[in-house]
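A structural walkthrough
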Amino acid sequence: MANTLDLYTDSVVLKAILARDITAFLDFEDNSIDFVHAGSFLGMKGRNIILPSATIIDALAFYNNQLTGSITLPWSDITEIRAYAFAYSRANLGDIVLSSLTRLGSYSFYRCEGLGSVTIQGSFGTSAGARYQASSNTSAAINWIVLLENAGYFSYSSITGFSAPAMRSVSEYTFYYCESLTSINLPTVVTIYRYAFSYTTSLGDVVLPQCETIYEYAFTESGIESISCPLCNDIRYNAFAQCRSLESASFPSVVSLPSYAFYQCESLTVASFPLLTTLSIYCFGSCGFTAFTDTMFPALTALNQRYAFYQCPLSTINSAVVTELACSVRSEFVLHTTSNQVSGAVPNTSVNLPNLQVLGIGELTIALSGTGTYNLGTPTLTNFWSGSGGTVNPWH
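Residues numbered from 1 in each chain as written. Predicted model: local features only at pLDDT ≥ 70, side-chain atom pairs only at ≥ 80, totals over all residues. Heavy atoms only, no water.

The next subject is the confidence of the model for the protein. In this model, the protein carries an average pLDDT of 79, and 73% of its residues clear a pLDDT of 70 or more. In this model, residues 5-13 is a region of pLDDT below 50 whose contacts with residues beyond four sequence positions or in other chains number 21 contacts. Scored below 50 in pLDDT, residues 362-370 makes 21 contacts in the model with residues more than four places away or belonging to other chains. (pLDDT = per-residue confidence, 0-100. Contact = heavy atoms within 4.5 Å.)

Further remarks concern the sheet that holds strand β16 (residues 205-207). The strand order β16-β18-β20-β21 describes an open sheet built from four strands, whose pairing is parallel. The strands lining the two open edges of the sheet, one partner per strand, are β16 and β21 (270-272). When the angles between neighbouring strand axes are averaged without regard to direction, this sheet yields 5°. Both strand β20 (residues 248-250) and β21 contribute to a ladder of three bridges, which runs parallel. From the neighbouring strand, alanine 249 faces β21, where its bridge partner is alanine 271. (Pairing = 2+ DSSP bridges. Helix = DSSP H or I, 4+ residues; strand = E, 2+ residues; numbered from the N terminus. Axes fitted to C-alpha atoms, helices over the stretch in contact; angles between N-to-C directions.)

In this model, tyrosine 88 sits at a positive phi of 60°, which is unusual for a non-glycine residue. Here tyrosine 88 is to be found in the loop between β7 (80-81) and β8 (94-98). Of note, glutamine 242 is a non-glycine position whose phi angle comes to about 65°, a positive value. By the element assignment, glutamine 242 lies in the loop between β19 (234-235) and β20. According to the relative accessible area criterion, glutamine 242 is partly exposed, its value standing at 23%. (Buried < 20%, exposed > 50% of the residue type's maximum accessible area, 1.4 Å probe, protein only.)

Attention now goes to the packing of aromatic side chains. The full count for this structure, using the stated rule, is 50 aromatic pairs. With 5.4 Å between their ring centres and 85° between their planes, tyrosine 107 and tyrosine 110 make a pair best called edge-to-face. For tyrosine 107, a relative accessible area of 24% corresponds to the partly exposed category. For tyrosine 110, a relative accessible area of 15% gives the class buried. The aromatic ring of tyrosine 156 is capped on one face by arginine 111, whose charged end is 4.0 Å from the ring centroid. Above the face of the tyrosine 215 ring, arginine 236 is positioned so that its terminal group lies 4.3 Å from the ring centre. (Phe/Tyr/Trp six-rings, centres within 6.5 Å; stacked < 30°, edge-to-face > 60°. Lys NZ or Arg CZ within 6 Å of the ring centre and 35° of its normal.)

See the structure below:
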């Protein structure tokens, strides 16, 4: 039978601990304990805790401890860390490597102040659906699956780096508001759920080689500077909204973008979307693009979604593949920018769309009354406001 530490049982010393009597000891060390029960060091004051044989950390075990030193555990031998185990912990945990972990409880390191980098090795997180399994389910069919119970595992913590070579999904709020997180290594992750990396303001370059789906708000207001997802074909709305430090984005497999996908990514000037054919409202609104070219969007033949590039400071629009440039019903020009004109490109804009076939009348005619050079081919003019069309070409 395993030796356990349970402060709700007996022992004069443990009762002193439970009473938070810091005069009883400054350091606590026990070499025989391998199961740390719920609430064992909850609110604990003192200096250091050393448990060299611990393998299971129960819920709330170190919750809100007030230790001024560190907690020393055999991290590589720990198999379970349950809900809120280290939440609000002030003790120094340092960099930890978890190579035997089979279960991570929700909010286990929530607002943990002394956490450094975390590396999770082995088969942890190899089931993409594990996040939906209840912790009470112990059927043989899922014994090998890591039970990712809910979400928020490291949210608001001081975590600085995260590596999980076998992980298949990142659950909701996992790194929410982790403002010290600077790097992640997730080579096998397929799915990133809502708010997983929101407000990770120090996160830099991100490469997700196997990721296929990025849910809504996954990186909202993150500090990422570049993102590369070669296999991703599903980006949800607001996924990268307000990532103001994002400079480059590469998504070779994305065919369509939802609304607000990259909204207010003010530094975004370099993009690679070779298969993108469908835009949505504000998908690139208020981004930093100064140029629209075939190199960036070689498959985008129709610019017909209102506000798609709203308030982008475009000074060059150059595409041989665009055949349709139009307004939606009662909307403004799709390339609405930051100029003082009602809509259209900034003054002195160069517009070269030699193969244009359909051109929407409306706001564009006002824009073209300004300065700049325009080559729009010989398009059919369509008044989307009234629903009528024509073949008049005012450019000749």
